Amino acid sequence: MTSTPAATRHDTGFVTAFLALCAGAVAMGASPIFVRFASADVGPFASAFWRVALSLPVLYVWMRIEELKASGPPRVKFSKASILAGLAFTGDLFFWHLSILSTTVANATFFATTAPLFVILIVWLVLKQKISRGTIIGLVCCLLGGAALIGQSLNVDPARIRGDLYGIATAFFFGLYFLTIERARKTAGAARVTFEAGIVTSACLFVIALTLDTRVVPQTLQGIAALTALAFISQAGGIGLLAVALGRLPSVFSSLVIFLEAVAAAAFGWIILGEALTLPQILGGALIFIGIWAARPKPKAVAG
């Protein structure tokens, strides 16, 4: 049994996609920091709108470069899957901000991290695909690790049950986003899929922001800088790298890797905002890494 060029390409492709996914998770993990700095200027829904809208020029340039390097025109433009991805991401950001407004940030974050559970349930119950034992072990480890990261701040309060339900809705829509992006990547490149989904999302969020927010346009340099960083780093960088990874990695495994977003958010809070990390939080982060390792796809051996 020897390694062949095909096996080597498989390993290299997996590593590249996995690193892109990890980098994307870290970039998305920085988003709460940018949102916090922008909150004095704009409302939560306006922040979500600017996050997506300001990223579109960057994504367009990336798309043009990607397609100039590719042979021939794009196979599909604005596929049904990319449009559904844009609607799913709208639901994700909309309910995420509703959750933040209606419950504690810790509760909203915890329930939002259950997105992999919905991905696995949809893949198993709707798409009728088999879920491996490693994936189940990885999911349990990641959920326990996520709970440890923010568990000390959780507050079960019947008065906040609506906000907690909004958090669960956030997870459901983010799970749908994974699955629709994975489907869209079968007929288009990562840049086009992210750009097209972003157009749909920004159009929807623009209407929502005008309807529900009183502060839509940033007025200070700090607000503009925070929203620009949110768009370039967390949206174009984070969501874009997620689309890159979903062209090669399965959505079930990718959704578990996004738990690194919670680890990155805790790390950024410690480094930038001076929020101390406790031992349970550190152990929770380690448990997430263990869960991701347990759920990793097993490459098939290729005889040579």
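See the structure shown above.
All residue numbers refer to positions counted from 1 along the written sequence of the respective chain. With the structure being a predicted model, the display of local features is reserved for residues of pLDDT at least 70 and the display and counting of side-chain atom pairs for 80 or more, all residues being used for whole-chain, interface and lining totals. Hydrogens are left out, water is left out, and the side-chain values use all remaining heavy atoms of the structure.

> An account of the overall build of the chain is needed here, citing residue identities and associated values.
By the criteria applied, helices consist of DSSP H or I runs no shorter than four residues and strands consist of E runs no shorter than two, each listed in order from the N terminus. Per the secondary structure count, the chain includes 14 helices and 0 strands. Mapped from its N terminus to its C terminus, the chain presents α and β elements in the order α-α-α-α-α-α-α-α-α-α-α-α-α-α. For the exposure calls, accessible area comes from a 1.4 Å probe over protein chains only, and a residue counts as buried if that area is under 20% of its type's maximum, exposed if over 50%, partly exposed in between. Looking at the chain as a whole, 49% of its 304 residues qualify as buried. Intrachain contacts of the chain at a sequence separation of at least 6 include 92% that bridge at least 24 residues. Contacts between residues were defined by any pair of non-hydrogen atoms, one from each residue, lying within 4.5 Å.

> Lay out the nonpolar core in plain terms, naming residues and giving numbers.
With 71 residues, the main nonpolar core has Tyr177, Leu242, Ile258, Leu260 and Ile288 as its most contacted residues. Examining the composition of this core, we find that 9 residues originate from one element, helix α11 (residues 221-246), more than from any other. Not counting residues within four places of it along the chain, the set of residues in contact with Tyr177 comprises Ala85, Ala88, Phe89, Ile239 and Leu242. Core analysis: the next-biggest nonpolar cluster, separate from the first, contains 6 residues, Leu56, Met63, Phe195 and Ala236 among them. Residue types Ala, Val, Leu, Ile, Met, Phe, Trp, Tyr and Cys, when buried and joined through side-chain atoms within 4.5 Å, form a set referred to as a nonpolar core.

> Describe the layout of surface pockets, listing the residues and the values that go with them.
Estimated volume of the second largest pocket: approximately 540 Å³. Lining the second largest pocket are 25 residues, and of these Val123, Gln129, Leu179, Glu182 and Ser251 lie nearest its centre. Taken together, the elements giving at least two residues each to the lining of the second largest pocket come down to α5 (80-102), α7 (115-126), α9 (161-184) and α12 (251-257). At 5 residues, the largest contribution of residues to the lining of the second largest pocket is made by α9. Here a cavity means grid points, on a 1 Å grid over the protein atoms only, where a 1.4 Å probe fits yet cannot get out; a pocket means an open set of points with protein on both sides within 12 Å along at least five of seven lines; lining residues are those with an atom within 4 Å of a point. Grid points are joined across faces, edges and corners, and a volume is the space filled by probe spheres set on the points.

> Lay out the environment of Ala209 in plain terms, naming residues and giving numbers.
Looking at the secondary structure, you find Ala209 in helix α10 (residues 190-212). The spacing of Ala209 and Ala46 is 163 residues in sequence and 4.9 Å in space, taken between C-alpha atoms. Contacts of Ala209, omitting those with residues within four sequence positions, involve Phe45, Ala46, Phe49 and Val216.

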